[in-house]
Structures are given as C-alpha cells and as structure tokens.
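Report on the structure
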Amino acid sequence: MSSYARRGVHGQTVEALARRILGGEIPEGATLDLVALQSELDVSLTALRESLKVLAAKGMVDARQKRGTFVRARADWNLLDADVLRWQFEGDHTTDADRALLRNLAEVRAIIEPAAVRLAAARRTDDDLAALEGALDAMAEQDVDASHAVDADLAFHRALLNATHNELLERMEMVIESGLAHRDHIVHSAPHSEDPVPAHRAVLDAVRDRDPLRAEAAMRALLDQAGRDLDRVGTADDDTEGSRAK
C-alpha cells in the first residue's frame with residue numbers, strides 16, 4: 001500500500017489516467033486506445049505502458065491478448081490504496097461517487113477509531129501525548145486557513161493511531177488520511193461548522209487519563225460531530241444546486 005511518487009512525466013501520466021478512470025470518463029470495461037492516448041497526453045508509448053503498469057498493480061487496468069488494455073470492474077480496484085483514494089478526491093468538485101466513498105469511510109472510521117483509541121488509552125507514552133497535544137494546539141490556533149486546520153486534524157488522528165503501538169493499525173492512516181483530508185477541506189472551507197477542538201480535547205483527556213471506555217465514548221462523539229458537519233455542508237450544496245436550477 002505504498003504511496004506512488006508524483007514526479008515527472010511518468011507520474012503525471014499515471015495520475016491523468018487514474019483520474020479519468022475514477023471519474024468515469026474512461027468507463028469500466030472500456031478498451032484503451034494506446035495510440036490515441038499517447039498522442040493526447042504527448043508521451044512516449046514506453047512511458048504510457050509504464051504508467052499503465054502502475055494502474056495494473058492497483059487493480060484498475062489489465063491487458064489480454066486480442067482484447068488489449070482495458071479498465072477492470074470497479075470491484076477489482078484496490079480502493080484501500082492510498083493513491084487510489086487520493087486520486088478519487090483530487091477533482092475540483094465533490095461528485096456523488098466522492099460522497100458515497102466518504103460515507104463508506106465514515107463507516108470504516110466508526111469501526112476502527114473507537115477501538116484504536118481504547119488501545120491508545122492503555123498504551124500511550126509521554127511522546128504520544130506530546131504529539132496529540134501539539135496537534136490539538138495547532139487545531140486551536142485562530143485565524144488560520146483551511147489547509148492548516150486539515151493538517152492539524154490529520155496529525156491528531158495519525159498520532160492516535162501511532163499511540164496504539166500496533167503496527168497494522170498505524171498503517172491504517174494511509175487508508176484514512178486521503179478521505180479524511182478531503183472531508184476536512186469540505187468542512188473547514190464552509191461556514192457554520194462546529195468547533196472541532198472540544199471534541200478532540202475530550203478524546204485527548206481520556207487518553208491522558210488512561211481511561212479506555214471514556215476515550216471510546218469521546219471518539220464516538222467526535223465521529224458523530226464529523227458526520228453532522230459533513231451532512232450540513234451536503235445539505236447546503238444541494239440547496240445551492242436547487243437554487244441554480246430554478
């Protein structure tokens with residue numbers, strides 16, 4: 001689940017193709033015209049084939065004799081891959097597919113993070129507490145832009161997973177972060193969202209007190225608030241679209 005390095009023509013080609021597939025511009029089952037893509041993207045055939053190998057490794061494309069290179073069914077895509085999640089959310093607009101994936105992510109977080117924070121409360125070290133407090137302090141800073149708020153929130157949740165001292169749970173940050181970052185950008189860029197600091201503070205206090213049950217309850221409350229914020233933004237977006245249609 002290693003993240004793909006976004007460098008040079010090769011990296012740009014991978015991402016251009018991935019976004020087209022994820023956005024439905026190149027649909028599932030479609031056979032790719034490599035000559036046309038080579039001309040359109042202005043890359044060598046070798047570079048195009050190497051880029052397709054990256055997408056093949058992530059389950060998005062495959063090649064067969066007599067059929068050529070084609071887009072695999074979405075059920076075959078490695079949606080837990082950090083790059084696939086990032087590519088899904090990198091467009092300029094939040095699509096219905098994005099919202100569906102965000103709902104799925106919320107369900108995954110509701111399963112993972114309350115259990116993870118119980119371990120964190122039992123196993124945390126002073127260094128873990130320092131990382132959590134630093135992230136919360138950054139979150140509480142006033143008059144900062146949305147990107148700063150997003151970075152602080154990601155740092156807090158990353159520190160919580162690290163505080164479990166479970167190597168596999170620590171790796172879950174690669175699954176959670178891309179979707180969480182997109183969700184945070186939506187919420188923190190919109191007015192009237194609830195202040196995230198008190199809910200995160202309640203989690204930190206319970207972890208500091210080594211109280212697993214209280215930490216779990218605080219995390220569930222935090223996730224409930226995150227869901228309300230996203231629902232509020234989604235309702236506002238729907239109202240705006242409805243007004244434009246009139």
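Read on for a plain summary of the structure. (Residues numbered from 1 in each chain as written. Predicted model: local features only at pLDDT ≥ 70, side-chain atom pairs only at ≥ 80, totals over all residues. Heavy atoms only, no water.)

Observations regarding the pattern of salt bridges
Convention followed: Basic side-chain nitrogens of Lys or Arg form a salt bridge, by our definition, when they fall within 4 Å of a carboxyl oxygen of Asp or Glu. Strands here mean DSSP runs of E at least two residues long; helices mean DSSP runs of H or I at least four residues long; both are numbered from the N terminus. Here the term buried applies to any residue with accessible area under 20% of the maximum for its type, exposed to any over 50%, and partly exposed to those in between, with areas from a 1.4 Å probe on protein chains only.
One pass over the structure, following the stated rule, counts 20 salt bridges. Where lysine 53 meets glutamate 50, a salt bridge forms, and the shortest distance between an N and an O atom there is 3.2 Å. Of this pair, lysine 53 and glutamate 50 both sit in helix 3 (residues 45-57), three residues apart, which is roughly one turn of the helix. Note on glutamate 50: relative accessible area 35%, which makes it partly exposed. Measuring nitrogen to oxygen at the nearest pair gives 2.7 Å for the salt bridge that ties aspartate 62 to arginine 64. Residue aspartate 62 is classed as partly exposed on the basis of its relative accessible area, which comes to 22%. In the salt-bridge network here, residues are joined through shared partners; they are Glu15, Arg19, Lys58, Asp81, Asp83 and Arg86.

Describing the side chain of glutamate 216
Selection rule: Between two residues, a contact is recorded if the distance between any of their heavy atoms is within 4.5 Å.
As for its placement among the helices and strands, glutamate 216 is situated in helix 11 (residues 212-245). Taking the relative accessible area as the measure of exposure, glutamate 216 reaches 15% and is therefore buried. Filtering out sequence-adjacent residues up to four positions away, glutamate 216 remains in contact with Pro114, Val117 and Arg118.

A few points about the packing of helix 5 (residues 96-123) against helix 10 (residues 197-208)
For the record, the criterion: The axes used here are C-alpha line fits, helices contributing only the stretch in contact, and every angle between their N-to-C directions lies in the interval 0 to 180 degrees. Roughly parallel covers angles under 35 degrees, roughly antiparallel covers those over 145, roughly perpendicular covers 65 to 115, and oblique covers all other angles. Note that Gly is not counted as nonpolar here; it falls among the polar residues with everything else outside the nonpolar set of Ala, Val, Leu, Ile, Met, Phe, Trp, Tyr, Cys and Pro and the charged set of Asp, Glu, Lys and Arg.
Where helix 5 contacts helix 10, the two axes come as close as 7 Å, and the packing angle between them is 45 degrees. Here helix 5 is positioned oblique relative to helix 10, judged by the angle of their axes. On helix 10, the residues that touch Val117, Ala120 and Ala121 of helix 5 are Val203, Ala206 and Val207. In terms of residue class, the contact of helix 5 with helix 10 is made up of six nonpolar, no polar and no charged.

Thoughts on the pairing of strand 2 (residues 68-71)
Stated precisely, the cut-off is as follows: At least two DSSP bridges between two strands are required for those strands to pair.
Two strands pair when backbone bridges link them, and strand 1 (residues 61-64) and strand 2 are joined in this way by four bridges, in the antiparallel orientation. The partner of arginine 64 across the bridge, within strand 2, is glycine 68.

Concerning the environment of leucine 154
Considering the arrangement of structural elements, one finds leucine 154 in helix 7 (residues 146-162). We classify leucine 154 as buried; its relative accessible area is 9%. In sequence terms leucine 154 and alanine 135 are 19 residues apart; their C-alpha atoms lie 8.4 Å from each other. Setting aside its immediate chain neighbours within four residues, leucine 154 contacts Glu177, Leu180 and Ala181.

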